[in-house]
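# Notes for the structure review
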Amino acid sequence: MHPHIKKLYSIASKPVRKIIGLMSGTSVDGLDIALCNIEGTGTDTKISIEHFETVSYNDDFKKELKSIFAKKEIDFEKLCMLNPWIALQYAAMINECLKKWNVDKNDIDLIASHGQTVYHAPKSLHKKEKFGNATLQIGDGDHLAVATGIITVSDFRQKHIAAGGEGAPLAMYGDYLFFSKKGENRIMLNIGGIANLTFLSGDLDVSKAFSSDTGTGNTLMDAYIQNYFPSKQFDKNAELASAGKIHEGLLNELKANHFFHLPIPKTTGPELFNLNYLSAAQQKSGSKNLSHPDCMATLNRFSADTIADAIKKCFPGKETFVIYASGGGMHNPLLIENISTQLPGVEIKTTSDLDINPDAKEAVLFAILANECVAGDTSTFKNIATGIPSVSMGKISFPD
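Quick summary incoming for the structure in this document. (Residues numbered from 1 in each chain as written. Predicted model: local features only at pLDDT ≥ 70, side-chain atom pairs only at ≥ 80, totals over all residues. Heavy atoms only, no water.)

## Overview of the side chain of Thr268
Mapped onto the fold, Thr268 is located in the loop between α10 (248–254) and α11 (275–285). Filtering out sequence-adjacent residues up to four positions away, Thr268 remains in contact with His120, Ile194, Asp213, Gly215, Phe259 and Phe273. (Helix = DSSP H or I, 4+ residues; strand = E, 2+ residues; numbered from the N terminus. Contact = heavy atoms within 4.5 Å.)

## Examining the pairing of strand β8 (residues 194–200)
On a regular strand, each side chain points to the face opposite its neighbour's, so the side chains alternate between the two faces of the sheet. Among the 7 residues of β8, 7 are classified as buried, and the element is accordingly described as predominantly covered. Side chains Ile194, Asn196, Thr198 and Leu200 project from β8 onto one buried face, and the interleaved Ala195, Leu197 and Phe199 project onto a second face that is buried too. In terms of strand pairing, strand β7 (residues 186–191) meets β8 through 6 bridges, oriented antiparallel. Across the sheet, Arg186 pairs through a bridge with Leu200, a residue of β8. The hairpin turn running from β7 into β8, its antiparallel successor, is 2 residues long. Direction of pairing for β8 relative to strand β9 (residues 210–216): antiparallel, over a ladder of 6 bridges. Looking at the pairing, Ile194 lines up with Thr216 of β9. (Buried < 20%, exposed > 50% of the residue type's maximum accessible area, 1.4 Å probe, protein only. Pairing = 2+ DSSP bridges.)

## Quick look at the pattern of salt bridges
Counted by the stated rule, this structure contains 12 salt bridges. A salt bridge links Lys18 to Glu50, with the nearest nitrogen and oxygen atoms 2.4 Å apart. With a gap of 32 residues between them, Lys18 in strand β1 (residues 16–24) and Glu50 in strand β3 (residues 46–56) connect regions that are remote in the sequence. On the basis of relative accessible area, Lys18 is assigned to the partly exposed category, the value being 22%. Several salt bridges converge on common partners, so that one network encompasses Lys255, Arg301 and Asp305. (Salt bridge = Lys/Arg side-chain N within 4 Å of Asp/Glu carboxyl O.)

## Details of the sheet that holds β8
The strand order β9-β8-β7-β10-β11 describes an open sheet built from 5 strands, whose pairing is mixed. The open sheet has two free edges, formed respectively by β9 and β11 (347–350), since each of these has just one partner strand. On average, adjacent strands in this sheet sit at an angle of 25° to one another, irrespective of strand direction. Here β7 pairs with strand β10 (residues 322–326) via 5 bridges, running parallel. Across the sheet, residue Ile187 finds its bridge partner in β10, namely Ile323. (Axes fitted to C-alpha atoms, helices over the stretch in contact; angles between N-to-C directions.)

## Digging into the environment of Val206
Along the polypeptide, Val206 turns up in the loop between β8 and β9. Residue classification places Val206 among the buried residues on the basis of a relative accessible area of 13%. Along the primary structure Val206 and Leu254 are separated by 48 residues, whereas in three dimensions their C-alpha atoms are 34 Å apart.

In short, shape yes, function no, at least from these values alone.
Structure below.
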């Protein structure tokens, strides 16, 4: 038996595995690094976060990434070079965190790296008949493994597409394994650049679980701020949006896209929801000269409306449920207020109420996927909804 396979077998046989989960989302603001202790697999999974840190990207990193991010036409040589370069930046961030945490790399079993999505192209968006769903994440797993000396599981989304999904959102798998609770219907709402939700039934019936993007979360608001206020990355505490008034005409145009009428599950990205999307909606609604506060107030309400509308579609009857929020949008008070106003009687908590740091949740979920890839099986997710294939995801890279 090859020594690498022996080591994987040994890791899979451990009662507890130390896994570093990595997540860099469409906000392109930093790398979430979560060192998790994971016991068991499947519905017996137990998790504790030993360390967590978000390492902010410097201006050079952001500039290089944004030169190819979510664009149809790019410098292909730059894409080719960024694939290993980003992995090496990640590796340096991990090595620095391990040093800071006083953790020996030899004590880490696996790295679970989502990579950086640079383009997401579900068929519902590209509409080219002979092509299927597609997505691309860069940050090569082999470079990451060699530069850290740690076995790395990466590129999770390709198997999901190969098995009939859209490559996103993958949250449902980890959400079901870790956050399901008997007797409570739950919506796990993650508000990143793109917002997504997972429904978990209180009767623990996996066939009822599903996950879907709802539309824009922070991506349009952040893009607007970064374009018109270059010294800022986002609308901190919704200060600008709170000073404005909603333009109903613009709001209606923003909500008119066919994406919002597609059945769940569905996915999207900044390839659709970007400043060109906003500009087209302003042109149609005659709101080109809208003030910055009014535009931000409208964008904030747009995200809230589409999130709330998606949740309402999940519960057309009188079912009770609790929302557990995570992601950067959770820190936007006006966004949460706008969502809450449209869902009277619904309690909105955060995953901190479930003992998981809400800023770390996405990184933790990929640690769970790596744990399942190495030590689990696919039996939990048999015979569930279309678009949620029962597969193990991730490609394994060895450090030598």
